[in-house]
Amino acid sequence: MSTVTPGPFAAAVAAAHRRGEVVVQPRMGFGDPAVMRYGLATVARSRACTVGTITLDSYTRVGAHEAARRALVDGAPLNGFPIVAHGTGITREVLAEARAGGMPVQVRHGSARPEDIFAALLANGVDATEGGPVSYCLPYSRVPLREAVDSWKRCCAAYAGLREAGVEPHLESFGGCLLGQLCPPGLLVAVTLLEGMFFAQHGLRSVSLSYAQQVDHDQDVEALAALHRLIGEWLPGLDTHIVLYTYMGVYPRTRAGALELLGASARLAKHGGACRLLVKTPAEAHRIPTIAENVTALEYASRVAAAEGPADGPPGDTGVYAEARALIEAVLELDDDIGTALCRAFAKGYLDVPYCLHADNRGESRGFIDERGRLAWSAPGRMPVRAARGGVELTSSGLLLALSHVQRGFDRMGAGDRPE
Amino acid sequence: MKDTRCTAVLGTVASDSHMWNLMFLQLLLGEMGYRVVNLGVCVPAGFFLEQCRQHRPDLVVVSSVNGHGYTEGWALAELLRTDPALDGVPMVIGGKLGTAGPLDETQTADLLAAGFDAVFADGSDPRQFLDFVRRPVLVEAG
Ligand code: B12
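Per an unreviewed UniProt entry, chain B goes by the name Cobalamin-dependent protein and belongs to Actinoplanes sandaracinus.

If you look chain A up in an unreviewed UniProt entry, it shows as Methylaspartate mutase from Actinoplanes sandaracinus.

Below, the structure is given as structure tokens:
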């Protein structure tokens, strides 16, 4: 049992969980502060149990604050809210309405070297954010892993300092997503857990571990169960919850298919015991969603989750837990300092994210969707995992086919075909 | 043995970290007979230029899907076109280039004026791109 008194964000999630509700959350960020503020206010008023999100733009993510400032001056469109370029005054105003409405807000970014971003979070008293030394480096940058690890160490320590201001900061690992697709669950579960341990080692006491919906409901339920079990084993005493991401890969193009997939993720949250769900909208395959599209998705997911009970029986066991555990143990053996262990693990290939082009990732592993429609390894690289079949040569059309597996299935389903 | 293939330099704009598009284009260009230099994600414009100087490409392919492709792609093309070594080298851009869905005609014209020879909007017929990249290979072979 955790003895940590969580901050507003984690407390809201815990309270909803006690009521049996899944918290739904948008991925939302706009460059214009008025739009951002209105977006938060609208989410707060939606008919769903929500928390707010400020998603940062890509210039801010890579530390190009000057480019963000120029875009603001020129009126060039931004794909998120430039928290550093806007500065504290504007950010406070944006947060004010959400705070007045009692809705906690999380800042989501995707930055391998987030010092400036954390300074802004601290200056604005933002008690929840997201990231991780691996999950915000490999998918998001060309920054060497060692530098990202060192930067995240400093940022975790600084963020833990919010406690002195009377607020327990909350940090979510993005490790359960990585590149969003074609990664078998064992590795996703292992990375998010290791990042949780890294956060704890650097002073955080309230963390969430993530998992992104993949290609098969039963496999996903098994992965979430594995994550629950590993949290109990490796992160005792912390305030923790599991956050699920609605599918993070190539999304269905049709509205019906998109909603069907969103609904499936809401049911998965219930079956897998996830406390919080980050939703996607029918705009996903096409462009950044509007505020209204976000609210519709939140309300839809919330309704589906509310109508769904927990899973009927215990999850199956095809080895996700054992795989994740083997990966975690292989990493922890490398060094007591988890950051150093992570760097060594990638150098040795004990962790190897499939299809990831980052220079510190060996790139020897490959995931694929097997004949039963589940994720499996076709090439394990040097990881302590088992390959289901020999590698096949990767072609451009084969890659597109694998990447569009979920999209095609749900667009067909949306068009009225039932799945086989 | 000497590599006689044409070289394509492939990359994205400085703020864009999406890599599946790059992975796909690397495979596709490879299948088309190119030697591909994949610069990866978040390529600073200066580094892009430096790599082009070093590899003397026959084709430059910029792919961006994060919504900043229009703004940053424009500046990147202007920079690359300042280098005489890239004079006449075909340069294309494609992907999800704006934050509000497909670019309008003026925006596409801006990218062409900045130095791209072709702009492939998201959802455009892949055959157009294949026709385009086939051209330099044929010139070389003939
Ligand atoms: C997977 C994914 C991610 C992963 C990426 C992991 C990685 N490192 O690669 C993660 C989760 C990390 C991620 C992060 C972000 N993402 Co993203 N992501 C996607 C997603 C779901 C799938 C992309 C994909 O894998 N496509 C597969 C490849 C093969 O296809 P493609 O990229 O669409 O490219 C095709 C064509 O466009 C074309 N093409 C592409 N380039 C070129 C170039 C040429 C010359 C030619 C001819 C053709 C061509 O060829 C491809 C095959 O047909 C898309 C939405 C979707 N499509 O469903 C969003 C999406 C691309 N992401 C988006 C955004 C905004 C982001 C973020 C900025 C976060 C945010 N604000 O929401 C960050 C990126 C941070 C940064 N610094 O850039 C937006 C972009 C919107 C826009 N253009 O305005 C999208 C569309 C989602 C959305 N609707 O909001 N993302």
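Structure's up, so let's keep going.
## Considering the site of the ligand
What surrounds the ligand is a group of 44 residues, the closest being Gln181 and Arg287 of chain A together with His18, Met19 and Ser63 of chain B. One of the backbone N or O atoms of Arg287 of chain A is found 2.6 Å from a nitrogen atom in the ligand. With respect to the ligand, the backbone of Gly98 of chain B contributes an N or O atom lying 3.1 Å from an oxygen atom. Those elements that place two or more of their residues in the shell around the ligand are helix 3 (58-61) and helix 14 (396-403) of chain A together with helix 1 (20-31), strand 3 (59-64) and strand 4 (91-95) of chain B.

## With respect to the coordination of the cobalt atom of the ligand
One donor from the polypeptide reaches the cobalt atom of the ligand: His18 of chain B (NE2), at 2.3 Å. With respect to the helices, strands and loops of the structure, His18 of chain B is situated in the loop between strand 1 (7-11) and helix 1.

## Looking at empty space enclosed by the protein
Residues and elements named next belong to chain A. Under the definition given, this model contains one cavity of 30 Å³ or more. Taken as a whole, the largest cavity spans an internal volume of roughly 40 Å³. Forming the boundary of the largest cavity are Gln181, Leu182, Gln214, Val215, Tyr247, Ile369, Ala402, Leu403, His405 and Val406. When contributions to the lining of the largest cavity are tallied by element, the ones reaching two or more residues are helix 14 and helix 15 (405-414). Residues that form the lining of the largest cavity fall into these classes: seven nonpolar, three polar and no charged.

## Considerations on the packing of aromatic side chains
All names here are of chain A. Applying the stated criterion across every chain yields a total of 12 aromatic pairs over all chains. Judged by centre distance (5.4 Å) and plane angle (85°), the rings of Phe118 and Trp152 are edge-to-face. Here Phe118, found in helix 6 (residues 115-123), pairs with Trp152, found in helix 7 (residues 145-160); they are 34 residues apart in sequence, far enough to count as distant. We classify Phe118 as buried; its relative accessible area is 2%. Judged by relative accessible area, Trp152 falls into the buried class, the value being 0%. Three or more aromatic residues joined by ring pairs form one cluster here, namely Phe118, Tyr136, Tyr140, Trp152, Tyr159, Phe174 and Tyr245. Above the plane of the ring of Tyr245 lies Arg27, whose end atom (NZ or CZ) is 5.0 Å from the centre. Here the guanidinium or amino end of Arg229 rests over the ring plane of Tyr321, the centre of that ring lying 3.6 Å away.

## Quick notes on the packing of helix 10 (residues 255-272) of chain A against helix 15 of chain A
All names here are of chain A. Relative to each other, helix 10 and helix 15 sit at 110°, their axes nearing to 7 Å. With respect to helix 15, the axis of helix 10 lies roughly perpendicular. Note on element contacts: helix 15 touches helix 10 through Val406, Phe410, Asp411, Met413 and Gly414, opposite Ala256, Gly257, Glu260, Leu261 and Ala264. Residues of the contact of helix 10 with helix 15, tallied by class, amount to six nonpolar, two polar and two charged.

Conventions and cut-offs
Residues numbered from 1 in each chain as written. Chains lettered and ligands numbered in written order. Predicted model: local features only at pLDDT ≥ 70, side-chain atom pairs only at ≥ 80, totals over all residues. Heavy atoms only, no water. Near = heavy atom within 4 Å. Polar contact = N/O pair within 3.5 Å; in protein donor to acceptor, adjacent residues only side chain to side chain. Helix = DSSP H or I, 4+ residues; strand = E, 2+ residues; numbered from the N terminus. Donors = N, O, S within 2.8 Å, 3.2 Å for Na, K, Ca; no water. 1 Å grid on protein atoms, 1.4 Å probe; cavity = no way out; pocket = protein on both sides within 12 Å on 5 of 7 lines; lining within 4 Å. Points joined across faces, edges and corners; volume = space filled by probe spheres on them. Nonpolar A, V, L, I, M, F, W, Y, C, P; charged D, E, K, R; others polar. Phe/Tyr/Trp six-rings, centres within 6.5 Å; stacked < 30°, edge-to-face > 60°. Buried < 20%, exposed > 50% of the residue type's maximum accessible area, 1.4 Å probe, protein only. Lys NZ or Arg CZ within 6 Å of the ring centre and 35° of its normal. Axes fitted to C-alpha atoms, helices over the stretch in contact; angles between N-to-C directions. Parallel < 35°, antiparallel > 145°, perpendicular 65-115°, else oblique. Contact = heavy atoms within 4.5 Å.

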